[in-house]
Amino acid sequence: MPVYQPWCHGNLTRSKAEDLLSKAARDGSFLIRDSESIQGAYALCVLFQNCVYTYRILPNEDKKLSVQASEGVPIRFFSMLPELVEAYYNPNMGLITHLQYPVQREEEVDEEPGQTPLHESNNLPPQLPPRNFLANDIKDSDPKSPEQACKSLSDTFLMRLQHMDMSIIPEEQQAAIQEYFRTSICLDAEHLQNGNPNLPGLKKLTMTICKNVNSEISRILPTLEVFHRVLDQQLPPGIGQFTKQMSVDSGQSVSFRLEQLTRLIYSIEEKAKNAVFDSVGYDGGHRRSLIPIVMFEVKQELLGISTKVFLKVDVEGGKIYFKKSKDGPEDKYYVHNKILQLVKSQKMHAKLVIVVETEKEKILRREFVFDDTKKREGFCQLLQQMKNKHSEKPEPDMITVFVGTWNMGNANPPHNINSWFQCKGQGKTQDDTADHIPHDFYVIGTQEDPLGEKEWADTVKGVLRNITNISFKQVAVHTLWNIRIVVLAKPEHENRISHVFSDSVKTGIANTLGNKGAVGVSFMFNGTSFGFVNSHLTSGSEKKLRRNQNYISILRFLNLGDKKLNPFDITHRFTHLFWLGDLNYRVELPSTEAEYIVTKIKQQQYQEILSKDQLSMERDDGKVFLHFDEEEITFAPTYRFERDTREKYAYTKAKATGTKYNLPSWCDRVLRKSYPLVHVVCQAYGCTNDIMTSDHSPVFASFEVGVASQFVSKQDPNSAPDGGIQFMNCVATLLTKSKTKFFIEYHSSCLEKTVKTSEGENKDHLNGSIKVWFHNQVQLTPIISDPEYLLDQHILICVKSTDCDESYGEGCVALRAAQFSYTEFSITLTHQGEKTGTLTGGIQLHTSEVKTTEKLYDFIKVERDDPVTSKGKGSDHNKFSVSQMHDISNPSYMGLSHKIGNVIDRGWSYSMPPKNLPIAVQGSKDSKKSGYDVGTRSPTGKPLNPIGEDEKMFDNPLYGSMRSHNWGKDQDLPQKDHLIPPDANFTPSKGADGDPDRPPVPTPRNRSFTCSETKPHLPSPVPPHVSAHKKPVVPSRSEGGMVNSRPPLPIKSRPGLPEAQKPRDYRDSSELPSKHRPPARPGQPQTQRQ
């Protein structure tokens, strides 16, 4: 057993090491931590004169250890770290000072003392069930005919049957089972191929085996019903309690066995169906998803008269019909390629404009008003599905992803869990008309999952098959004790998925037990990387700091994605990263407020409770989930319910140490983070009402995301000009006082190789930070210079030290930000979940001009106010241009800029606005958390019309209420002079405080030291001035760059702020004055939340 060494800190972060040594405040204090850049190496950190010096300890081929100290000092080798430390207690060993005072580790907080001991809980690793070899596990290289598949399936099951002990089974039932596997299972397969999925052979076998049960049920059911009616009558309290208890106790074993029998029959039916379905290839090829025809009743205004119209949507046929009566003939229809665009009105949330092309190539705008916003969104989803289904593109450029998380409470799921996968229940939910639209991916995370891996995966596949009529393919499944993630995909995507990885991290007691922790899966979908993390963090209201530690541990040690991106943690490795699970953050209110919380929940008044949500507060402070986003929560807390009901929260729990309170909380969450300027829209976020076997409710979320296909250039490779990406004038402001030299690494899949810059020039900055100037231009050579390819790419940036080769901060820049001209950018640098500084500079693309292809997700746009010309029935095509629609960069990445010294921090959006242009920011409810700034370019790269100085704040009904709060007075950010695009011979200028006679850059050093000053607290973000102007916009995108021709983005207005509004004629609108507005129907969303 290794001896405890107080100076050995293991996987300690660099910033934490600096903090510990700063607190020691004695020259000669030291500690040793693991190197962040080299596997198996260490970093020796020594404090001297209020600065921290860092030396690398490297192993050689013989595993001997040596210290990289000052030049001229003989290198000494040691077998063990204690031996090395003992030697460097002596002076004159090449260090800044000899080692004197070891700095001990901070004690890590373990689970709460009152937690159930492991031997008394269900936290032991679950026993894995014996391996099942279903038909789909036995694969040959050549496809089989249906007859061969059935024969193989029959032989497999008969062979298994021979190894079973059947001595306790009656001979009659033995013969029935053998007969089914010998002949009837093949007949069931034939029925299935002929379109009958009921499996009559299986049904007959079940009836034969259970015929005695059926007769017994028929005989005893009347007796039990009479007995139940007698017990159901009201009795005196004392007698009633006694009788009821007796009846429950006496019937417990019978009810348990009946429940066991019911579950077994359900499981047998499901497994038999799965085996037969898979054996005959009853999947996406033979078993197409058929979306039924859906009818919508809408209103249309012609000449001021409102008339009823019916819209019939045939997704499979690719047509939309306009009808005057529900059962009457179709007046007119349009084929999918003649439906040009859907434009959602922002002024009237139920209004939609359908832009179509007539036979005479005229453009018509047909305006309709739906019953409510939810109906309109269901219609839009069906039309988007139609466009995707009948698109002529060989590869998709957008897909939908379902993300679900559920703490199952170590209880088997109920038979019907359809509502979870159909996004039905509370919160932002889908309309019934979208029930049959399948997602491309289903990602299901479970905690305290009692089922076997195969059993749960088969259960989910069966549910999806019943809902969508598709047999989904399993991409990956990974389990850590009772924490599990399952990823399923449509069969048609099987050949588009590659580089599948999975991993897990334990964060239980002492980070060695898997009762808490995370599992993750990553893969490539064509040219887009996806990452999914399902975590179960420490429980207990008072364990907030421990949960934060869990998050950092998972971030650091979960090994997913491209291994070449070693300097970057998982938050930078994926185009789209989704983090889900039972995060266990609680509502931070005293236990005496329990009844008040429950009252507020019954009144559906969540905002006051959400203001005390621990996760939101920790994100506000930048401690966890930096630059992640979460859709607005509009559903009740998902924990802690009494089981078998959703009407009562069980917020007290009797323990040996006293009563423990578990206040109703939003423990189960889904967060996301995407690269800048990529399309991502949250379509649903809520929880179910009808799944009650656990004390948690399942949470669902669905997203529409943009993806990149394997690029095929339209240009002639021989004639295509060489492209280039140029970075210049880069300045890094790092939250450290290290005197080491720094350089920048540029990583991207679009580059031929990783590019490193020369050393920058250091200069002390404000509040203990350091400023590093990189004056030389850096030219990056892409593997493909076609601009349509480059505009979809991103450059990952890492600032590293020259001595330890360790990262001091990472960030990302979207090339689309520099589509038209030289563009300045500013990005936040982060490292292992913490903000470590900022990087500013300029970027310019050198490519040829080319018209970009329109994306499928550009089909639906949002128009803030209806243009005056929309009242005409027809209009000229040039007058209604797609470019009139203004883009919203994804609200997840819209935040408030704030200054650190002279550097304006623009957050993850990675871009600074062009000079002399007003800055507008999206005031989402997470704006303080993310600190992102605004990009106003469409991901498709379309130029946007410039607008005036005034911009009206608004709320987008489709993508959730983006509510701003804690706004101060409007302030203007400082404006800069207009940039002049540099020419090819552009020479970067010196910094503002640069000296023309600046000395040359000094040579590299072998050591670094860091001043132990306290890190500054960043000032709270200040909202910039937002003006009012009416312009149309399109659905949200991830954040990105800014160019001169782009307008600032809109922002949701805070309720209560005065806004100039013209009088409305409510006779021509579905909106009513507030005093006359009728109450909303049950389930109907309100158009405005207070």
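Bear in mind the structure is a predicted one, so any value in this text is a computation, not a measurement. (Residues numbered from 1 in each chain as written. Predicted model: local features only at pLDDT ≥ 70, side-chain atom pairs only at ≥ 80, totals over all residues. Heavy atoms only, no water.)

A.B. asks: Give me the lowdown on the nonpolar core, citing residues and values where you can.
C.D. replies: Counting 49 residues, the largest nonpolar core has Val401, Phe441, Phe523, Phe530 and Phe532 as the members making the most contacts within it. The contacts of Phe532, once residues within four sequence positions are left out, are Val401, Val403, Val443, Ile485, Val519, Gly520, Val521, Phe523, Leu560, Leu577 and Phe578. (Core = buried A, V, L, I, M, F, W, Y, C linked by side-chain atoms within 4.5 Å. Buried < 20%, exposed > 50% of the residue type's maximum accessible area, 1.4 Å probe, protein only. Contact = heavy atoms within 4.5 Å.)

A.B. asks: A description of the packing of aromatic side chains should follow, citing residues and the corresponding values.
C.D. replies: Across all of its chains, the model carries 35 aromatic pairs by this definition. Ring geometry for Phe530 versus Phe532: centroids 6.2 Å apart, planes at 5°, classification stacked. Taken individually, Phe530 and Phe532 each receive the classification buried, so the pair is uniform in this respect. Among the aromatic side chains, those forming a connected cluster through ring pairs are Phe441, Phe523, Phe525, Phe530, Phe532, Phe578 and Phe703. (Phe/Tyr/Trp six-rings, centres within 6.5 Å; stacked < 30°, edge-to-face > 60°.)

A.B. asks: Go over the pairing of strand E2 (residues 42-48), please, and point to the residues and values.
C.D. replies: Of all seven residues that make up E2, six are buried, and the element is covered over most of its length. For E2 and strand E3 (residues 51-59), the ladder comprises seven bridges, and the chain directions are antiparallel. Counted as the bridge partner of Leu47 is Val52 from E3. Turn length for the E2-E3 hairpin, with the two strands adjacent in sequence and antiparallel, is two residues, and the turn residue Gln49 shows positive phi of about 50°. (Helix = DSSP H or I, 4+ residues; strand = E, 2+ residues; numbered from the N terminus. Pairing = 2+ DSSP bridges.)

A.B. asks: Residue-level account of unusual backbone geometry, with values.
C.D. replies: Excluding glycine, a negative phi dihedral is what most residues carry, and trans is how most peptide bonds are arranged. Here the amide bond leading from Tyr639 into Arg640 is cis, since omega sits at 10°, within 30 degrees of zero. Within the secondary structure layout, Arg640 lies in the loop between helix H14 (614-620) and strand E22 (652-655). Phi angles above zero are rare outside glycine, and Gln49 is one such case at about 50°. Examined against the element boundaries, Gln49 turns out to sit in the loop between E2 and E3. Phi angles above zero are rare outside glycine, and Asn92 is one such case at about 60°.

A.B. asks: Break down the state of the cysteines for me, citing the residues and quoting the values.
C.D. replies: Taken as a whole and judged by the stated rule, the model has zero disulfides. Left without a disulfide partner, Cys45 is nearest to the cysteine sulfur of Cys804, which lies 7.6 Å away. (Disulfide = S-S within 2.5 Å.)

A.B. asks: Please provide a residue-by-residue account of the sheet that holds strand E17 (residues 483-489), values included.
C.D. replies: Taken together, the seven strands give an open sheet; going across it, the order is E14-E25-E26-E13-E15-E17-E16, and neighbouring strands pair in mixed fashion. Strand pairing shows two members of the sheet lacking a second neighbour, strand E14 (426-428) and strand E16 (473-480), which therefore form its edges. Sheet twist, expressed as the average angle between the axes of neighbouring strands with direction ignored, equals 10°. Two strands pair when backbone bridges link them, and E16 and E17 are joined in this way by seven bridges, in the antiparallel orientation. In the sheet register, His478 faces E17, and the bridge partner there is Ile485. Strands strand E15 (441-447), E16 and E17 of the sheet are contacted by helix H10 (residues 453-468), whose axis makes an angle of about 40° with E17. (Axes fitted to C-alpha atoms, helices over the stretch in contact; angles between N-to-C directions.)

A.B. asks: A description of the pattern of salt bridges should follow, citing residues and the corresponding values.
C.D. replies: Inspection of the entire model under this criterion finds 32 salt bridges. Arg496 is paired through a salt bridge with Glu395; the nearest N and O atoms lie 2.6 Å apart. Here Arg496, found in the loop between E17 and strand E18 (497-506), pairs with Glu395, found in the loop between helix H8 (373-389) and strand E13 (398-407); they are 101 residues apart in sequence, far enough to count as distant. Taken together, the shared-partner salt bridges connect Lys428, Asp629, Glu631 and Arg672 into one network. (Salt bridge = Lys/Arg side-chain N within 4 Å of Asp/Glu carboxyl O.)

A.B. asks: Got a sec to walk through the sheet that holds strand E24 (residues 668-674)? Specific residues and values, please.
C.D. replies: Taken in spatial order, the five strands make up an open sheet running E18-E19-E20-E21-E24, and their pairing is mixed. The strands lining the two open edges of the sheet, one partner per strand, are E18 and E24. Taken pair by pair, the neighbouring strands of this sheet meet at an average axis angle of 10°, ignoring direction. Across eight bridges, E18 lies against strand E19 (residues 517-525) in antiparallel orientation. Directly across from Ser504, in E19, lies its bridge partner Val519.

A.B. asks: Go over H8 with me, naming the residues and quoting the values.
C.D. replies: A rise of 1.5 Å per residue sets the reference length of H8, with its 17 residues, at 24 Å; its end C-alpha atoms lie 24 Å apart and thus fit the reference within 8%. Within H8, 13 of the 17 residues are buried, which leaves it mostly tucked inside the rest of the structure. Regarding H8, its N-cap is Asp372, as a side-chain oxygen of that residue lies 3.1 Å from the backbone nitrogen of Lys374 further along. (Expected span 1.5 Å × (residues − 1). Polar contact = N/O pair within 3.5 Å; in protein donor to acceptor, adjacent residues only side chain to side chain.)

The values reported here are purely geometric and, on their own, carry no functional implication.
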